[in-house]
Number of protein chains: 4
Amino acid sequence: MTNGQMAPPWEVDTWLNTDAPLSLQDLRGMVVVVHAFQMLCPGCVSHGIPQARAIHQAFPPGRLQVVGLHTVFEHHAAMGEIALRAFLHEYRIRFPVGIDRADPRGNPIPVTMQAWHMQGTPTLVLLDHEGRIRLHHFGQLDDLRVGAIIGQLLAEAQASGS
Amino acid sequence: MTNGQMAPPWEVDTWLNTDAPLSLQDLRGMVVVVHAFQMLCPGCVSHGIPQARAIHQAFPPGRLQVVGLHTVFEHHAAMGEIALRAFLHEYRIRFPVGIDRADPRGNPIPVTMQAWHMQGTPTLVLLDHEGRIRLHHFGQLDDLRVGAIIGQLLAEAQASGS
Amino acid sequence: MTNGQMAPPWEVDTWLNTDAPLSLQDLRGMVVVVHAFQMLCPGCVSHGIPQARAIHQAFPPGRLQVVGLHTVFEHHAAMGEIALRAFLHEYRIRFPVGIDRADPRGNPIPVTMQAWHMQGTPTLVLLDHEGRIRLHHFGQLDDLRVGAIIGQLLAEAQASGS
Amino acid sequence: MTNGQMAPPWEVDTWLNTDAPLSLQDLRGMVVVVHAFQMLCPGCVSHGIPQARAIHQAFPPGRLQVVGLHTVFEHHAAMGEIALRAFLHEYRIRFPVGIDRADPRGNPIPVTMQAWHMQGTPTLVLLDHEGRIRLHHFGQLDDLRVGAIIGQLLAEAQASGS
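## A closer look at unusual backbone geometry
Residues and elements named next belong to chain A.
Right, so step 1: A cis geometry characterises the amide bond from Thr 121 onward to Pro 122, with omega recorded as 0°.
Right, so step 2: Of note in this structure, His 75 is not a glycine but carries a positive phi near 50°.
Right, so step 3: Assignment of secondary structure puts His 75 in the loop between β3 (64-70) and α3 (81-90).

Structure below.
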């Protein structure tokens, strides 16, 4: 997706680690960190999820929201909701995680993953306080660069009075 | 289990990554490295499995055999055979893996895990060329110490003419 | 030092990795990252210097300047200029490094280290585009948090038209 | 050097971390781990020295001896005895370290480094209980393989009644 473009809404039926569904609309004013992953993706487990968890712990909850998105596009039978719940429990993941909706026409790639033009997992997407996509990265990105973009987006949100 | 004791046979119905079932009897004469794990156990994924894979790659196949044992004692619905196959594929695990037999009386701890008195996962068990248990360790053990015991057992096997 | 306070000038006789001495005045308008270290300080070698080098590589040179400050307060005979030159060569450190001036009254702590109230090495100091101290940290700080402050300071510099 | 060859004696004027000079003759019967390093060699600091220290801590002192050899072949002015003492103190290195003797004819490579045909630092040399060279490795070697050779040499020493 082009940087600066508004993020389309995510399509999620089931949310874990949260009492109420999350929407981009409700998160307006906050920096949003979307970590798209699969529980059996080695790069997600070794890099992406620890990074998402570190972001969740490093920044004040009122100004930044980490959202996990379980975008299963392979091994569907092995990564259903029951398995994901066990995974979140074992890996002590506390931030909200939405299960990306299965494509009703049978495309193995789930709906949000298609709409957001993700190429695989892990994918990291950063949204500014107005809901614009400011980073859309497939693969690993080091903490220094991710931190710098987050710092910039937090400064912009603060300057805007959000 | 006491060091020096003969290892009881493992109870496995399904073997992956091998054409034929493995038995302790058939492996007599070789050093045997048993890595007991669960696919959703974080310490297994970050430490135990990489160590087992490194052992599998470092030593000549004729003198040492790495055997994975999937000892599921929790989250059974999330760690069945289909999920394990996806896991082995994604993590590029090539050594033979046996699925420890479920207890017919309903104990959540599988049969071999009970018989070998394992306390959790990961557990590393090293057997010498005569099938005696020479290391039985729950948790993480550094490569230097594991390597030293393997080196000693290989030297003993060689001295015995195995 | 209090956050927000103007940084006092550094006192450096010898500069390495630069044709001309650097001054805070000349760097006004840029974000300045000061990494105070000793070449025989293990925490500097394992954490601080790799972090400073990563910052030097990650950000555009026109907007951010990394400055090393060799603040020797112990083992003075082992960490003179010749030794430091060998160290910078072996560790492939390319950013400018100033040697903090020895105290003329014989205090083992060098002059800038005293004036900036540093407690040891490594110490990381971040200055905004107006020369104010925005971070003053002794010990290790993770890349995510350091990156976020840098991102914020870069955004402020940009908003100010620097 | 050929594996299996007897190690020639080392040429050391100054020993640190030990009350008395060490000789290969006195260490006969023990496994000897020689870690040749330079204090300003990055690969020594990040890999070789931590490995030597781990070996020193992992094995019983009566059966294995770790010996550091400071083989300075470059930046001689920066790595003299005073600097080395500061380095050993800061890096908490407790095992004996000998300073390889400078070549009296002016070759920058010190005498033992020449006699042992070392190509650079770090170099790891393992000697069995009879003083024969069983590993001679320039660069990094993983703990698993190093551990396995040590385990084999310890088993041989034990079998010989040493």
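## Description of the interface of chain D and chain B
Right, so step 1: Contact residues are listed per partner, giving 14 residues for chain D and 14 residues for chain B.
Right, so step 2: If you sort the residues of chain D by the area they bury against chain B, Leu 144, Arg 145 and Ala 148 of chain D come out on top, with a joint share of 43%.
Right, so step 3: At the junction of chain D with chain B, the criterion picks out zero salt bridges.
Right, so step 4: Where chain D touches chain B, the interface holds two residue pairs in polar contact (both at pLDDT 80 or more).
Right, so step 5: At the level of elements, α2 (42-58) and α5 (143-159) of chain D are the ones that each hand at least two residues to the side of chain D that touches chain B.
Right, so step 6: By residue number, the principal contributor to the side of chain D that touches chain B is α5 of chain D, which donates nine residues.
Right, so step 7: Its residues placed into classes, the side of chain D that touches chain B shows eight nonpolar, four polar and two charged.

## Structural notes on the packing of aromatic side chains
Right, so step 1: Inspection of every chain in the model, using the stated rule, returns 16 aromatic pairs over all chains.
Right, so step 2: Taken together, a centroid distance of 4.6 Å and an interplanar angle of 35° make the contact between Phe 87 of chain A and Tyr 91 of chain A tilted. The pair formed by Phe 87 of chain A and Tyr 91 of chain A is uniform in burial state, with each residue classed as buried.
Right, so step 3: Judged by centre distance (5.9 Å) and plane angle (65°), the ring pair of Trp 10 of chain C and Trp 15 of chain C falls under edge-to-face. You'll find Trp 10 of chain C and Trp 15 of chain C in the same group, each marked buried.
Right, so step 4: Through a chain of ring-to-ring contacts, three or more aromatic side chains come together here, namely Trp 10, Trp 15 and Trp 116 of chain A.

Rules of the game
- Residues numbered from 1 in each chain as written.
- Chains lettered and ligands numbered in written order.
- Predicted model: local features only at pLDDT ≥ 70, side-chain atom pairs only at ≥ 80, totals over all residues.
- Heavy atoms only, no water.
- Helix = DSSP H or I, 4+ residues; strand = E, 2+ residues; numbered from the N terminus.
- Contact = heavy atoms within 4.5 Å.
- Buried area = accessible area lost by both parts, 1.4 Å probe.
- Salt bridge = Lys/Arg side-chain N within 4 Å of Asp/Glu carboxyl O.
- Polar contact = N/O pair within 3.5 Å; in protein donor to acceptor, adjacent residues only side chain to side chain.
- Nonpolar A, V, L, I, M, F, W, Y, C, P; charged D, E, K, R; others polar.
- Phe/Tyr/Trp six-rings, centres within 6.5 Å; stacked < 30°, edge-to-face > 60°.
- Buried < 20%, exposed > 50% of the residue type's maximum accessible area, 1.4 Å probe, protein only.

Function cannot be inferred from these measures alone, as they are strictly geometric.
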